[in-house]
Amino acid sequence: MNSKLDPKALSVTPEEVYLQRRHYLRLFGMAATTWPLAGCTEDAKQHKVIDVQANSVDADPMRASDPLTRFEDATSYNNFYEFGTGKGDPRRHAGQLRTTPWEIHVSGLVEEPRSFSLLELLPETSRVERIYRLRCVEAWSMVIPWQGVPLAKVIERCKPLPDAAYIAFDSLADPTQMPGIRQATLEWPYTEALRMDEALHPLSLMATGMYRRSLPPQNGAPVRLVVPWKYGFKSIKSIVSIRFTREPPETTWNRMQPSEYGFFANVNPDVDHPRWSQRSERRLAGDGNRAFAPRIATLPFNGYAKQVEQLYRGMDLHQWF
Ligand code: MTE
């Protein structure tokens, strides 16, 4: 096992993050609760909001002021269907993922289609830290400190042509390393896409690390997308290909079930999933043994409305889910 990814090493919280967490825990009097280990059906039964979100206004949108999710929780409660559909499957199976060397193929409407090494496309010198809320369409959420490169910088290096209107991403789909690929749960490779103006927004990030460690395999090593105002399924993991297109690309969840998973998938408490409410969410954050905070209200655009709503001016956000 790569020593950097040794679970014991990973559980060591960088001091600054730890101090910040202590600060927030004290601030909000966070109590530890036990998570009943159930998915969205459990969430769907509980519509009552028993706490209001303390994060409605971030002083700095790049650094959410909410209490952080514990590293242990962010790396053991995952969605990464290439490794299985259970929340614990990615951690159980993704340790096999070979992340070096790693190449990303850039194609479509670009000056020159070519492959980049990870470091060519995301050099260490361009890396930044962001603390973002991650809101899953299943109505749970986390607050994660990410390290990575703003997607706009990555796009610059790809040299897209002026008529590129969309950017699409594909995940690795290797059945020899990813046991979930052998099941037809989704069509592989997992594909996601953004409109170019969304991709160029300063909040859009390509993450290579979290909690100041290399990205663990179960969280999408060695590089994943993080788009904090959209449901988590847009934040595609283990990216091996980037394509620039003129027309909207097909995306995995949207192609599977368009009535449940929109192309835009902006977090919107006013548009329910056909099978459960999106009004509130379970925030996995705080101390204790898998501590879920009380259910909190879901905010439009996951609390980033001020930063992103102008991207959608004139669009009916019910119709364009
Ligand atoms: N990317 C790939 N390749 N495969 C997946 O199954 N799941 C998505 C997204 N990216 C997924 C993926 C979903 S539904 C969510 S909520 C987030 O990853 C979860 O990220 P996390 O496990 O790091 O919290």
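See above for the structure.
Just so you know, these numbers come straight off a predicted model, no measurement behind them.

J.: Help me get a handle on the packing of aromatic side chains, residues and values and all.
T.: Counted according to the given criterion, the structure contains twelve aromatic pairs. Between Tyr81 and Trp253, the ring centres sit 5.7 Å apart and the planes meet at 70 degrees, which makes this aromatic pair edge-to-face. Note that Tyr81 is positioned in the loop between helix H4 (71-74) and helix H5 (89-93) and Trp253 in helix H9 (residues 252-256), a separation of 172 residues in sequence. Here Tyr81 and Trp253 have matching classes, each one buried. Judged by centre distance (5.6 Å) and plane angle (15 degrees), the ring pair of Phe301 and Tyr312 falls under stacked. Here Phe301, found in the loop between strand S12 (292-297) and helix H10 (305-308), pairs with Tyr312, found in the segment after H10; they are eleven residues apart in sequence, far enough to count as distant. Overall, Tyr312 belongs to the buried group, its relative accessible area being 2%. Pairwise contacts between aromatic rings join Tyr166, Phe263, Phe264, Phe301 and Tyr312 into one cluster. It is Lys87 that lies over the ring of Tyr77; its NZ or CZ is 5.7 Å from the centre. Sitting over the ring of Phe116, Arg114 keeps its end group 3.8 Å from the ring centre.

J.: Please give an account of the pairing of strand S1 (residues 103-108) that cites residues and values.
T.: Regular strands place side chains that alternate from one sheet face to the opposite one. Bridge count between S1 and strand S2 (residues 114-117): four bridges; the pairing is antiparallel. Across the sheet, the residue bridging to Glu103 is Ser117, located in S2. Between S1 and S2, which pair antiparallel and follow one another directly, the connecting turn spans five residues. Relative to strand S10 (residues 239-245), S1 is paired through four bridges, and the arrangement is parallel. Bridge pairing links Ser107 to Arg243 in S10.

J.: Describe the sheet that holds S2, and please don't skip the residues or the numbers.
T.: An order of S2-S1-S10-S5-S6 is seen for the five strands of this open sheet, with the pairing classed as mixed. With partners counted over all chains shown, the strands left at the sheet margins are S2 and strand S6 (191-195), one partner each. For this sheet, the mean inter-axis angle between neighbouring strands, taken without regard to orientation, is 20 degrees. Here helix H7 (residues 151-158) sits on the sheet in contact with S1, S2, strand S5 (166-171), S6 and S10, set at roughly 70 degrees to S10.

Criteria and thresholds
- Residues numbered from 1 in each chain as written.
- Predicted model: local features only at pLDDT ≥ 70, side-chain atom pairs only at ≥ 80, totals over all residues.
- Heavy atoms only, no water.
- Phe/Tyr/Trp six-rings, centres within 6.5 Å; stacked < 30°, edge-to-face > 60°.
- Helix = DSSP H or I, 4+ residues; strand = E, 2+ residues; numbered from the N terminus.
- Buried < 20%, exposed > 50% of the residue type's maximum accessible area, 1.4 Å probe, protein only.
- Lys NZ or Arg CZ within 6 Å of the ring centre and 35° of its normal.
- Pairing = 2+ DSSP bridges.
- Axes fitted to C-alpha atoms, helices over the stretch in contact; angles between N-to-C directions.
- Contact = heavy atoms within 4.5 Å.

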